[in-house]
Amino acid sequence: MRKLPLALVLSLGLMVPQVNAQKAKSKKAPSTTVQQKTKPVNPAEMKKFIDALMAKMTLEEKIGQLNLVSVGFTVTGPVVSENVDENITKGLVGGVFNTFTPIAVRKLQEKALNQSRLKIPLIFGYDVIHGHRTIFPMPIALAGSWDLAAIERSARIAGDEASADGLNWVFSPMVDISRDPRWGRIAESSGEDTWLGSQVAMAMVRGYQGNDLAAYNTVMACVKHFALYGAAEAGRDYNTTDMSDRRMMDEYLPPYKAALDAGAGSVMTSFNDINGVPATGNKWLMTDLLRKQWGFNGFVVTDYTAINEMIPHGMGKNEYDVAKLALDAGVDMDMVGEVYLKELNKLVKDGKVTQAQIDVACRRILEAKYKLGLFDDPYRYANEQRAKETLLKKEYRDAARDIARRTLVLLKNQNQTLPLKKTASIALVGPLVKSQIDQLGNWNGAGDWKQAISVEQGIRNVAGPNVRITYAKGANVADDTLMIKRLNAHGGQIEIDKRSPEEMIREAVAAAQKADVVVAVVGETQGMSGEASSRADITLPGRQLDLLKALKATGKPLVVVLMNGRPLALKWENDNADAMLETWFAGTEGGNAIADVLYGNYNPSAKITATFPQSVGQVPIYYSQKNTGRPYAGDLLDKYKSRYLDVPNVPLYPFGYGLSYTTFSYSAPTVSTSTLKAGSSLTVTVQVKNTGNYDGEEVVQLYVQDLVGSVSRPVKELKGFKKVFLKKGEAQTVTFTLSENDLRFHDLNMKYVAEPGEFKVYVGTNSSEVQSISFTLVK
Ligand code: BGC
């Protein structure tokens, strides 16, 4: 993602000064509660309205509705939209994205309403991914909170802010399952797990859309990237996926389906090729599965120029060919590519596609506008007063801080190094200590990095003005000049220090020697993950590891605070740091939230949702693997086993792992019955006790294994979790319900069934540390 320089934005007239603002029509709407529309959409009335409208539309105008243009701040591909104003007045634009603020939106909406023949309102979209103006932690971090209410709240706030800022459509949730930390977009995902990913997807849709799309403060969700984008080969962005139907159905597709079942109004295609046909031209995916099997009746938009990109994919000689392919597949709206605009008319004249196909696509887009209430009040979402009162308001900053604290993962804490004492003097070292921009992460919407709290500021806020800090940068965040040049060309702000690496390390060591404790803030910049930001080497970039080694050699307690967008390979760090806190990119209030955890104002409770490997060579690595015929059982000299010669099989940190300042003990789990009859359910019960010295929350996790199947089954699959708060010394009985439905998968004949036989249930604190019990499913 690249943000255009402000000067260019202004020169293009993309943002208009806030003076001649027309008074917004919409009524004031308070806070995060969804503002109900008085009347729910009546399908018959909607049909009548759209029939009447479409009867007046020319073929060109119908094709115009299929055209989505980018105007403004952000560019995520090699092409930008041209002649936008003119096309709007000619009725050749259906929607606009990448622009916001009530004024800018109103200006374009007025063009459509006052100057186009049929006065059809535009839909306004944007990449609101983890917050609009108030930025929340990256999605990978949010998922790690295992707190669905907090996740839903973050989306509700984002929806409230976005809708106050002119928008009515967000390109989120991103629900691509990813098991490859080389892929930069893992940061935008919920990680590796199908079941958890599905829960998060639903929570996000509920948050954005509420239960009334036409409310002033809800926005339409767009589920992306359909499909399998997270399985790009070698973790290289936009790369091919090739996958069995069973794996798709059981592991990769359920989160998209869950988001649609939660009511998401639109779907975005993915860039990748799927078993030989790119998603954007894939009729099986877009029509057979999405429409016929899943019954989706919203609209499908392409990803950025994804129709055009089917030419280099080798799917057509020219835009004419690929426009036909996409429309035939069932793709309704063309993002930026303008291939539909240029080619569909000709394709109809040549008899290659039918008017009826265009009518179907056009109707779906008009229906979305109708559901959003745009025909009732096209300016519903452009209310300056509401924008002023809503964006980045204190209540939302407070929520961002609270939610961020729930996403910070304590990876290690030897000798109770954390929490810090406010009286301790700190050597605050590292290239990310003072960074505000990196707190926002990538895809940071309308976030203003100047409003973000750095780690240093957060520590000063929480520890108070008397805290003794000696700062040293210690290392550059990267030393590869080409990489830095590339990152800075797309919004990065990386500055290479004039001093030599040795000099910087010497300064940091001197600071460490004088301090009680060293806090090293290291990791990646926000641009090192996200779109088009794959990395083949997932260790700390530049000389940051050398810095940590030198700090360790001082003998001072070493606290490593990580900022990064993907699981990193942190073997040395794990072996040598005294404490380690994974903070991802924690958002506008990141620094405050981090300091809250460092000083024990909040006891960490998050757990990782993507496995951290010991070495990049283990990738893809995920907990729900298959056993193989030669599983490795720990005997190093047993040669013919499924293992590496040079690294262990086990990850550095397994899925579901994360520590607390307190400790928890688990009783052995019990089941209500050892025989589960088809159609009924059983309960799994475990006692969890807080055995440490702090009150705290624990994510109790439940996994299932089907021991024998008509096809081989994973060694474990997450099927439930409960996040419980326990005062110190307190115990609680945690109960889960399992039914036949939780045991289903696609069998040898691709039927979605639960097969009778023995199952193991595992309960524990992460996917590795579990205790088990069995039951049998009988039919
Ligand atoms: C990304 C999408 C995004 C779109 C619009 C693309 O490059 O893949 O996730 O929604 O740009 O900005």
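Note that residues are indexed from 1 along each chain, following the sequence as it is written. pLDDT decides what is reported in this predicted model: residues at 70 or higher carry local features, side-chain atom pairs at 80 or more are listed and counted, and totals for whole chains, interfaces and linings draw on all residues regardless. Based on all heavy atoms of the structure, the side-chain values leave hydrogens and waters out of the count.

**What about the nonpolar core?**
Here, the term nonpolar core denotes a set of buried Ala, Val, Leu, Ile, Met, Phe, Trp, Tyr and Cys residues that are joined through side-chain atoms within 4.5 Å. Only protein chains enter the area calculation, which uses a 1.4 Å probe; residues under 20% of their type maximum are buried, those over 50% are exposed, and those in between are partly exposed. In this structure, W169, F226, L253, L551 and L598 are the most contacted members of the largest nonpolar core, which totals 209 residues. Residues count as neighbours in contact if any of their non-hydrogen atoms are within 4.5 Å of one another. Ignoring sequence-local partners within four residues, the contact set of L598 consists of L418, P419, L420, I459, V559, V561, L581 and Y661. With 23 residues, the next largest nonpolar core counts V684, V704, V734 and L743 among its residues.

**Details of the site of the ligand**
The near set for a molecule or strand comprises every residue that places at least one heavy atom within 4 Å of it. In the vicinity of the ligand lie 14 residues, with D127, R185, H225, D303 and E531 positioned nearest. Here a polar contact means two N or O atoms within 3.5 Å. Within protein one must be a hydrogen donor candidate and the other an acceptor candidate, and residues neighboring in sequence count only if both atoms are side-chain atoms. Within the side chain of R185, an N or O atom sits 2.7 Å from an oxygen atom of the ligand. Between the ligand and K224, the relevant distance is 2.8 Å, taken from an oxygen atom to a side-chain nitrogen or oxygen of the residue. Look at the ligand: alone it shows 310 Å² of surface, and the protein chains cover 100% of it. Classifying every residue of the shell around the ligand gives 7 nonpolar, 2 polar and 5 charged. The method behind every accessible area is Shrake-Rupley, applied with a 1.4 Å probe, and residues are considered shielded solely by the protein chains displayed. Each residue receives one of three labels: charged for Asp, Glu, Lys and Arg, nonpolar for Ala, Val, Leu, Ile, Met, Phe, Trp, Tyr, Cys and Pro, and polar for the others, Gly being one of them.

**What about the environment of R397?**
Put simply, DSSP H or I for four residues or longer makes a helix, DSSP E for two residues or longer makes a strand, and each gets a number counted from the N terminus. Along the chain, R397 turns up in helix α16 (residues 394-405). R397 sits in the buried class, given a relative accessible area of 15%. In this structure, the C-alpha to C-alpha distance between R397 and Q416, residues 19 residues apart in sequence, is 30 Å. Sequence-distant contacts of R397, defined by excluding residues within four places in its chain, comprise T134, L392, Q451, I453, T588 and E589.

**Points about the sheet that holds strand β2 (residues 67-70)**
Two strands qualify as a pair provided that DSSP identifies no fewer than 2 bridges between them. Ordered by their spatial adjacency, 8 strands build an open sheet running β11-β8-β7-β6-β5-β4-β2-β12, and the pairing between neighbours is parallel. Each end of this open sheet is capped by a strand with a single partner; those strands are β11 (299-301) and β12 (334-335). Examined bridge by bridge, strand β6 (residues 169-170) and strand β7 (residues 220-226) share 2 bridges and lie parallel to one another. Counted as the bridge partner of V170 is A221 from β7. Geometry is summarised by axes, namely lines fitted to C-alpha atoms with helices restricted to the contacting stretch, and by angles between N-to-C directions that run from 0 to 180 degrees. Sitting on the sheet, helix α10 (residues 254-261) touches β7 and β8 (266-269), and the angle it makes with β7 is about 165°.

**Regarding the pattern of salt bridges**
Any Lys or Arg side-chain nitrogen located within 4 Å of an Asp or Glu carboxyl oxygen qualifies as a salt bridge. With the rule as written, the count across this model stands at 49 salt bridges. Between D147 and R406 there is a salt bridge, and its shortest N-O distance comes to 3.3 Å. One end of the pair, D147, is in the loop between α6 (139-143) and α7 (148-164); the other, R406, is in the loop between α16 and β13 (409-413), and 259 residues separate them in sequence. Here E531 and R185 are joined by a salt bridge, their closest N and O atoms 3.7 Å apart. Taken as a pair, E531 in the loop between β16 (517-523) and α20 (544-553) and R185 in the loop between β6 and α8 (194-209) lie far apart in primary sequence, 346 residues in all. Residues E531 and R185 agree in their burial class; the two are buried. A single network of salt bridges, built from pairs that share partners, joins D147, R401, D402, R405, R406, D596 and E697.

Coordinates in, geometry out; function isn't part of it.
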